[in-house]
Amino acid sequence: MLGMMFTDKECKELDYLLRKEMDEMLLDMSDRRLDGPVKEAISKRYKIIFRMYARIAPPRELSRYATGLRQQR
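Residues numbered from 1 in each chain as written. Predicted model: local features only at pLDDT ≥ 70, side-chain atom pairs only at ≥ 80, totals over all residues. Heavy atoms only, no water.

1. Some thoughts on the layout of surface pockets
Volume-wise, the largest pocket comes out at about 270 Å³. Around the largest pocket, the lining residues are L2, G3, M4, F6, L14, R51, M52, R55 and I56. When the residues that make up the lining of the largest pocket are grouped by side-chain class, the tally is six nonpolar, one polar and two charged. (1 Å grid on protein atoms, 1.4 Å probe; cavity = no way out; pocket = protein on both sides within 12 Å on 5 of 7 lines; lining within 4 Å. Points joined across faces, edges and corners; volume = space filled by probe spheres on them. Nonpolar A, V, L, I, M, F, W, Y, C, P; charged D, E, K, R; others polar.)

Put into C-alpha cells, the structure is as follows:
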C-alpha cells in the first residue's frame, strides 16, 4: 500500500481530475460504436478510478458515480 499526503488544494484538484475521467468513461460506455472488449477495458478502469474517488468524495457525490457502475452491467 502506498500512502500520500495532499494539501487541500491538491485534494480538490485530484477530486476534479477523477470526476472528469469518470465522466469521460461513462460517455465512452454509452457510445454504440465501441465493441465488447473495449467497453470491458473501460469498465475495469472505471471501477479502479471509482474506488480512488470513493476515498476522497462526499457520499452525495459518490452516489452520482455509483450509478455508472450499475449502468455498465
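2. Looking at the nonpolar core
Judged by nonpolar contacts, the single largest core of 13 residues is most densely connected at M22, M25, Y46, I49, F50, Y53 and Y65. For this core, the secondary structure elements donating two or more residues are α1 (8-29), α2 (36-54) and α3 (59-71). Top element by residues in this core is α2. It accounts for five residues. Dropping the residues within four chain positions of it, I49 is found in contact with L18, M22 and M25. (Core = buried A, V, L, I, M, F, W, Y, C linked by side-chain atoms within 4.5 Å. Buried < 20%, exposed > 50% of the residue type's maximum accessible area, 1.4 Å probe, protein only. Helix = DSSP H or I, 4+ residues; strand = E, 2+ residues; numbered from the N terminus. Contact = heavy atoms within 4.5 Å.)

3. Quick look at a nonpolar patch on the surface
A cluster of nonpolar side chains, namely L2, M4 and F6, defines an oily patch on the protein surface of about 380 Å² accessible area. When you line up the elements, M4 lands in the segment before α1. The class for M4 is exposed, based on a relative accessible area of 59%. (Patch = residues over 30% accessible without salt bridge, like charges linked within 9 Å, V, L, I, M, F, W, Y side chains within 5 Å. Areas by Shrake-Rupley, 256 points an atom, 1.4 Å probe, with all protein chains shown as cover. Salt bridge = Lys/Arg side-chain N within 4 Å of Asp/Glu carboxyl O.)

4. Some details on the packing of aromatic side chains
Summed over the entire model, instances satisfying the criterion amount to two aromatic pairs. With a centroid separation of 6.5 Å and 10° between ring planes, the pair formed by Y46 and F50 is classed as stacked. Of the two residues, Y46 and F50 are both situated in helix α2; the distance of four residues between them amounts to about one turn of the helix. Arranged with centres 5.4 Å apart and planes meeting at 80°, the rings of Y53 and Y65 form a pair that is edge-to-face. Linking Y53 in helix α2 with Y65 in helix α3, this pair joins segments that are twelve residues apart in sequence. (Phe/Tyr/Trp six-rings, centres within 6.5 Å; stacked < 30°, edge-to-face > 60°.)

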